[in-house]
Amino acid sequence: MDPLMSRGHATDHQTTLALSRSTKRVLVALRGALIQAVPAALGIVLVVFILLQCVPGDVVDVMASQSGSASAETMAWLRAEYGLDQPVLTQFWNYLWHLAHLSLGYSPRFGTDVTTLILGRLSDTLLLMILAQALALLVGIGFGIIMAVWANKWPDRLLTLVNLLLYSLPGFWIGLLVLLLFSVQLNWLPSGGNQTIGAHLSTGAALLDKLKHALLPVLALSSYFIAIYARLTRSALLDVADQDFIRTARAKGLTPWRIVIRHMLRCALTPVTTVAGLYFGNLLGGAAVIETVFSWPGLGSLAMEAIVARDFNVVLGILLLSAFMVVIVNVLVDVLQSLIDPRMEGRG
């Protein structure tokens, strides 16, 4: 047989084995995630359901107060209509029954199905979170690299001070500051919402308009995580700086930047991605506050409206979706780590 053909077959075989191992890794991670997600979701539903039952009043009380007047008969009829007059255990069983049929129930406050309501707001929240996470990773890792290359020198000290400020100031406070500067004083960016009201824009112009509205919320939401990823990247790079393969690279005469980018950064990305997955829930919680500050119509502002209105079906639906999103992100992080560092492949 031709040696070139034999070598090609060997390469194809190795590629097939690598793909099969990656596929197996993904399937194992998904199976583990499902095993963890189901009891976690049931636990979340049970705990939150009990806590919400301890809150005084219900959605009918809020609807009656907003209407200005309502008879006792009307309120009793509404509670019977929405199943709020039943015992707590019966209500909980009914909610689980709806979940088993892939339904999150009905929202009396918004007058629509909870699933439809949440899906209508999900894309805007995901846009904020994805952009904020991308910005935090890009800037944080960049800061960390600069701090590691110039460790204990003035760039390191300056960025350490910047990170300390970003870490210490709450996201909503930074949001108010950038809102005051870029929207009120300079009038460069819109102060709230997710689109220009009344503007009939083409697809491309509408996307740019949404990104323009999202810029300030993304800056506010990513500030805390920039500091986290920068400090973690610096620490991880300095931890591997004295290892043998780095000393060998220095002996070959490679520049410090090339050593960091090509040899050290890959080792540093593993803890950064791990923390990024762990902090995804914090990112989701921070989005709720930032959406309120900037009047961004996402899941966070919807949750706040639902809590004020005592619309517990919406609150439970958002919490369930958030829990599953956290599980899925951590599965993706696990798969990503196996691609970044092949040594993770064999670890269970």
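Procedures and definitions
Residues numbered from 1 in each chain as written. Predicted model: local features only at pLDDT ≥ 70, side-chain atom pairs only at ≥ 80, totals over all residues. Heavy atoms only, no water. Helix = DSSP H or I, 4+ residues; strand = E, 2+ residues; numbered from the N terminus. Contact = heavy atoms within 4.5 Å. Axes fitted to C-alpha atoms, helices over the stretch in contact; angles between N-to-C directions. Parallel < 35°, antiparallel > 145°, perpendicular 65-115°, else oblique. Left-handed = near helix turned anticlockwise from the far one by under 90°. Nonpolar A, V, L, I, M, F, W, Y, C, P; charged D, E, K, R; others polar. Buried < 20%, exposed > 50% of the residue type's maximum accessible area, 1.4 Å probe, protein only. pLDDT = per-residue confidence, 0-100. Phe/Tyr/Trp six-rings, centres within 6.5 Å; stacked < 30°, edge-to-face > 60°. Lys NZ or Arg CZ within 6 Å of the ring centre and 35° of its normal. Salt bridge = Lys/Arg side-chain N within 4 Å of Asp/Glu carboxyl O. Patch = residues over 30% accessible without salt bridge, like charges linked within 9 Å, V, L, I, M, F, W, Y side chains within 5 Å. Areas by Shrake-Rupley, 256 points an atom, 1.4 Å probe, with all protein chains shown as cover.

**Details of the overall build of the protein**
Part 1: Looking only at helices and strands, the protein has 13 helices and two strands in total.
Part 2: Partitioning the intrachain contacts of the protein with sequence separation of at least 6 by distance along the chain shows that 76% fall at a separation of at least 24.

**Focus on the packing of helix H7 (residues 171–185) against helix H11 (residues 280–293)**
Part 1: For the pair H7 and H11, interaxial distance at closest approach is 9 Å and the crossing angle is 30°. By the angle class used here, H7 and H11 are roughly parallel. For H7 against H11, the interelement crossing comes out right-handed. Between H7 and H11, the contacting residues are Gly 171, Phe 172 and Leu 176 on the first element and Val 289, Ile 290 and Val 293 on the second.
Part 2: In the contact of H7 with H11, the residues fall into five nonpolar, one polar and no charged.

**Some points on the environment of Leu 161**
Part 1: One can find Leu 161 in helix H6 (residues 154–168).
Part 2: When the C-alpha atoms of Leu 161 and Ala 227 are compared, they prove to be 9.9 Å apart, with 66 residues separating the residues in sequence.

**Looking at the packing of helix H8 (residues 203–240) against H11**
Part 1: Following both chains from N to C, one finds H8 and H11 inclined at 140°, their axes separated by 10 Å at the closest point. Considering their axes alone, H8 and H11 lie oblique with respect to each other. Note on packing geometry: the crossing formed by H8 with H11 is right-handed. On H11, the residues touching Pro 217, Ala 220, Leu 221 and Phe 225 of H8 are Asn 282, Leu 283, Gly 286, Ala 287 and Ile 290.
Part 2: The class makeup of the residues in the contact of H8 with H11 is seven nonpolar, two polar and no charged.

**Some points on the side chain of Asp 156**
Part 1: Of note, Asp 156 is situated in helix H6.
Part 2: By relative accessible area, Asp 156 is classed as buried at 3%.
Part 3: In this structure, Asp 156 is in contact with Met 147, Trp 150, Ala 151 and Arg 234, ignoring residues within four places of it in sequence.

**Some points on the confidence of the model for the protein**
Part 1: Taken residue by residue, the protein gives an average pLDDT of 77. The fraction at 70 or more is 80%.
Part 2: Within the model, the stretch residues 4–10 combines pLDDT values under 50 with two contacts to residues more than four positions away or in other chains.

**A closer look at unusual backbone geometry**
Most peptide bonds adopt trans geometry, and most residues besides glycine take a negative phi value.
Part 1: The backbone of Asn 152 sits at a positive phi, close to 65°, despite the residue not being glycine.
Part 2: Its location among the elements puts Asn 152 in the loop between helix H5 (114–149) and H6.
Part 3: The phi dihedral of Arg 310 is positive, around 60°, even though this residue is not glycine.
Part 4: Topologically, Arg 310 is positioned in the loop between helix H12 (299–308) and helix H13 (312–340).

**As for the packing of aromatic side chains**
Part 1: In total, this model carries six aromatic pairs according to the counting rule given.
Part 2: Centre to centre, the rings of Tyr 224 and Tyr 279 are 6.3 Å apart; their planes meet at 50°, and the pair counts as tilted. Residue Tyr 224 is located in helix H8, and its partner Tyr 279 is located in the loop between helix H10 (256–278) and H11; the two are separated by 55 residues in the primary sequence.
Part 3: The structure contains a cluster of three or more aromatic residues connected by ring pairs, namely Tyr 167, Tyr 224, Phe 225, Tyr 229 and Tyr 279.
Part 4: We note Arg 109 situated over the ring of Phe 110; from NZ or CZ to the ring centre the distance is 5.2 Å.

**Here we look at the pattern of salt bridges**
Part 1: This structure, assessed with the given rule, holds three salt bridges.
Part 2: The residue Glu 305 makes a salt bridge to Arg 121 at a minimum N-O spacing of 3.9 Å. Taken together, the positions of Glu 305 in helix H12 and Arg 121 in helix H5 put the pair 184 residues apart, joining distant regions of the chain.
Part 3: Linking Asp 124 and Lys 210 is a salt bridge whose minimum nitrogen-to-oxygen distance equals 3.0 Å. Taken together, the residues Asp 124 in helix H5 and Lys 210 in helix H8 connect sequence positions 86 residues apart.
Part 4: Lys 210 sits in the partly exposed class, given a relative accessible area of 24%.

**Digging into a nonpolar patch on the surface**
Part 1: On the surface, a cluster of nonpolar side chains totalling about 800 Å² of accessible area is made up of Leu 161, Leu 164, Leu 165, Leu 169, Phe 172, Trp 173, Leu 176, Leu 177 and Val 289.
Part 2: If you list the elements that add at least two residues to the nonpolar patch, you get H6 and H7.
Part 3: Element by element, the count of residues in the nonpolar patch is highest for H7, at four residues.
Part 4: Structurally, Leu 176 is set in helix H7.
Part 5: The exposure class of Leu 176 is partly exposed, given its relative accessible area of 39%.

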